Number of protein chains: 2
Amino acid sequence: MTTPYIGWASDEDLSDKSNQKDLIEKFRSGDIRALARMITLVERRDPSIRQLEESLRDAHKPARVTGFTGAPGTGKSTIVDAVVALLRKQDTPVAVLATDPNSPFTGGAILGDRIRMQRHALDPKVFIRSMGARGHLGGLSLASREAIRLLGSFGFAEVILETVGVGQSELEVAAVADTTVVVLTPNLGDSVQMIKAGILEIASIFVVNKADIEGHARAVTELRSMLHLAPKGGWKPPIVATVAVRGEGIDELWEAVLAHRRHLETTGLAEEQAARRLRNETAEVAAELARERTRRALEEDPGLSERLLRDGTPYRTAEEILRTRVDN
Amino acid sequence: MTTPYIGWASDEDLSDKSNQKDLIEKFRSGDIRALARMITLVERRDPSIRQLEESLRDAHKPARVTGFTGAPGTGKSTIVDAVVALLRKQDTPVAVLATDPNSPFTGGAILGDRIRMQRHALDPKVFIRSMGARGHLGGLSLASREAIRLLGSFGFAEVILETVGVGQSELEVAAVADTTVVVLTPNLGDSVQMIKAGILEIASIFVVNKADIEGHARAVTELRSMLHLAPKGGWKPPIVATVAVRGEGIDELWEAVLAHRRHLETTGLAEEQAARRLRNETAEVAAELARERTRRALEEDPGLSERLLRDGTPYRTAEEILRTRVDN
């Protein structure tokens, strides 16, 4: 890892095998631009990622993924920044992947990168990258998983996954992260809404940030009583109070993350989780391949398209395509 | 269409062919409970929907879909209610599909149904149904498309698609609707945020609701100047002012919807859109089939699962499964 890198790589032809080989060699030698480049390919759903996967098979090293989710304005980014600072004090390299499942556009994300980067701009062992959702729903989730695998293989053992925005993002984070940190503020509305959205089932740790403002004690009490409604047995999500702008509570938060990891390891859940995720990723990859094949088949065969339009039979058509066009 | 129907159908075995035949006959005879039942099957992603598609091939009749999207609190539901009332005055049967892409839970949606239903509860030619996103991302979109096809085949030529919630929902609506109505309020923040999210590209019509509150004129002016930034040529989205709680502006809104339809028809875009949507739906169906096959293959073949875990090779594994397991 030599230089911090931000933004989009250039557009050389990756179907050219020698360019691919070059990229893989650079990645293996620790060139962070090669890592950034590969993440761009993953984000674009470039076909060359299949070859890259194959070539990096022996480098497979899973990263630890800590996800941060919460409504806008809760101070998520400030907390993530403080956690990065903590890890860097321990000399741990760390990658931050900021995902926005709600935005198909990356303009805002890039701006976000530039702002966030300032603090860690000169630190070559911090890698920060934003990913917007391009194309279809679910694409981000798959791209995030693949980016995380690349980060792990590159040598970033710690990956922080942060969602920007609202909505389904909590579920996306929980599907990918080992430990999911849900950030709330003393604002009553926040916490009730979060609980309503089924957050209890996905939270490993709750952070009540802005612990210096009024209503904090009440929010913690309220949250605690809601947690009593959660299923008994297993991991009980701790509630950590932070004032992220002053760095307060960050050590405690990271301790809670480590405790959750120990829990996952000792119960065997860590292994189970890893296996389930890789199976999910494979199912999503298969879905993507099938989607592409179907689009191509319908483009190339006007007769098939016409029949589909006349009869309105997506299932029959999809099944036919999967049956006959498997070798593309 | 005999009785209004709300809620979940019972759980008889649909793999039983005689039950399937019975359901199809009831659907054909205009039994609205059969329609509701089939939408439940579609929402659950029940395998029997493939046979239902095949059996209803000759009944294929596309519905006109008008989508309504906008931030919570803009008055979307009130506008939809007023549009339903307008259509009913013209004796047009109408179905309302309320989708919440952000919620995997249906509890809230069902409650929403009950509240909304009151006004039209005794009208057998109004069908109202909520759909929550179950399972993976993208599932709602596919289920909505299939539900719309069922509504069309059943005889609902007018379908209103309303999103509940925030986030990616606008894009989902635009992907499925013929005409997309974006609802804003005079609140400056709303409109700017909407524009930021790329809404210009998907809106067929803008509604500035709550036209009786302060800031209305400014909001319209601002929106108009933003629309000038939009690409020239083609359809220019009109801005309709409404006070939905008093029913004001609803006639004008519906006129704008009809004008947009005429535009789609005369330019040939209607046909193009229909074809593109059916191709997209087929690609999503193929993706779903591939996803299921992959999960099943990994469950049934522990050796395959083990190799996947060891090597971290989702592409290789997915391709192998698609190549060898096409006949399941």
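These figures come from a predicted structure and were not determined experimentally.

Go over unusual backbone geometry with me, naming the residues and quoting the values.
A positive phi angle, near 60°, is found at Arg-45 of chain A, a position not held by glycine. Looking at the secondary structure, you find Arg-45 of chain A in the loop between helix H2 (32-44) and helix H3 (49-55). For Asp-91 of chain B, which is not a glycine, the phi torsion comes out positive at approximately 65°. Turning to its location among the elements, Asp-91 of chain B is positioned in the loop between helix H4 (76-89) and strand E2 (94-100).

How would you summarise the pattern of salt bridges if you had to cite specific residues and measurements?
The final tally for this structure, using the stated rule, is 44 salt bridges over all chains. The residue Asp-311 of chain A makes a salt bridge to Arg-310 of chain A at a minimum N-O spacing of 3.2 Å. Since its relative accessible area comes to 10%, Asp-311 of chain A is described here as buried. One salt bridge connects Arg-307 of chain B with Glu-320 of chain B, and the closest N-O pair in it is separated by 3.2 Å.

Any details on the environment of Glu-252 of chain B? Residues and values, ideally.
With respect to the helices and strands, Glu-252 of chain B occurs in helix H10 (residues 250-267). Linking Glu-252 of chain B and Val-240 of chain B, residues 12 residues apart in sequence, is a C-alpha distance of 7.0 Å.

So what's going on with the confidence of the model for chain A? Which residues, and what values?
For residues with low pLDDT, the predicted coordinates do not support detailed interpretation. All names here are of chain A. For chain A, the average pLDDT comes to 81, and 78% of its residues sit at 70 or higher. Helix H5 (residues 107-120) is the least confidently modelled element of chain A, averaging 50 in pLDDT, while helix H10 (residues 250-267) averages 97, the highest of any element. Scored below 50 in pLDDT, residues 1-10 shows 35 contacts in the model against residues more than four places distant or in partner chains. Considering only residues more than four positions removed or in separate chains, one finds that residues 104-114, a stretch of pLDDT under 50, has 17 contacts. Reported confidences for the modelled complex are a pTM of 0.77 and an ipTM of 0.78.

Describe the pairing of strand E5 (residues 179-184) of chain A, and please don't skip the residues or the numbers.
All names here are of chain A. Across the 6 residues of E5, 6 count as buried, placing the element largely inside the fold. The side-chain alternation of E5 yields two buried faces, one formed by Thr-179, Val-181 and Val-183 and the other by Thr-180, Val-182 and Leu-184. Two elements, strand E1 (residues 64-70) and E5, share 5 bridges in a ladder whose sense is parallel. Bridged to Thr-69 within E5 is Val-182. Two strands pair when backbone bridges link them, and E5 and strand E6 (residues 205-208) are joined in this way by 4 bridges, in the parallel orientation. The residue bridging Val-181 from the neighbouring strand is Ile-205, located in E6.

Give a detailed account of the side chain of Thr-66 of chain B, specifying residues and quantitative values.
Residues and elements named next belong to chain B. Relative to the assigned elements, Thr-66 resides in strand E1 (residues 64-70). For Thr-66, a relative accessible area of 0% translates into the label buried. Polar side-chain contacts of Thr-66 include one of 3.5 Å to the side chain of Arg-261. If sequence neighbours within four positions are ignored, Thr-66 has contacts with Glu-158, Val-159, Ile-160, Leu-161, Ala-177, Thr-179, Val-181, Trp-254, Val-257 and Arg-261.

Hey, could you go over the side chain of Lys-76 of chain B for me, with residue numbers and the actual values?
Residues and elements named next belong to chain B. Inspection of the secondary structure puts Lys-76 in helix H4. The buried charged residue Lys-76 lacks any salt bridge partner; its closest oppositely charged side chain belongs to Glu-162, at an N-O distance of 5.3 Å. A polar side-chain atom of Lys-76 sits 2.9 Å from the main-chain carbonyl oxygen of Gly-70.

Criteria and cut-off values
- Residues numbered from 1 in each chain as written.
- Chains lettered and ligands numbered in written order.
- Predicted model: local features only at pLDDT ≥ 70, side-chain atom pairs only at ≥ 80, totals over all residues.
- Heavy atoms only, no water.
- Helix = DSSP H or I, 4+ residues; strand = E, 2+ residues; numbered from the N terminus.
- Salt bridge = Lys/Arg side-chain N within 4 Å of Asp/Glu carboxyl O.
- Buried < 20%, exposed > 50% of the residue type's maximum accessible area, 1.4 Å probe, protein only.
- pLDDT = per-residue confidence, 0-100.
- Contact = heavy atoms within 4.5 Å.
- Pairing = 2+ DSSP bridges.
- Polar contact = N/O pair within 3.5 Å; in protein donor to acceptor, adjacent residues only side chain to side chain.
- Lys, Arg positive; Asp, Glu negative; His and termini not counted.

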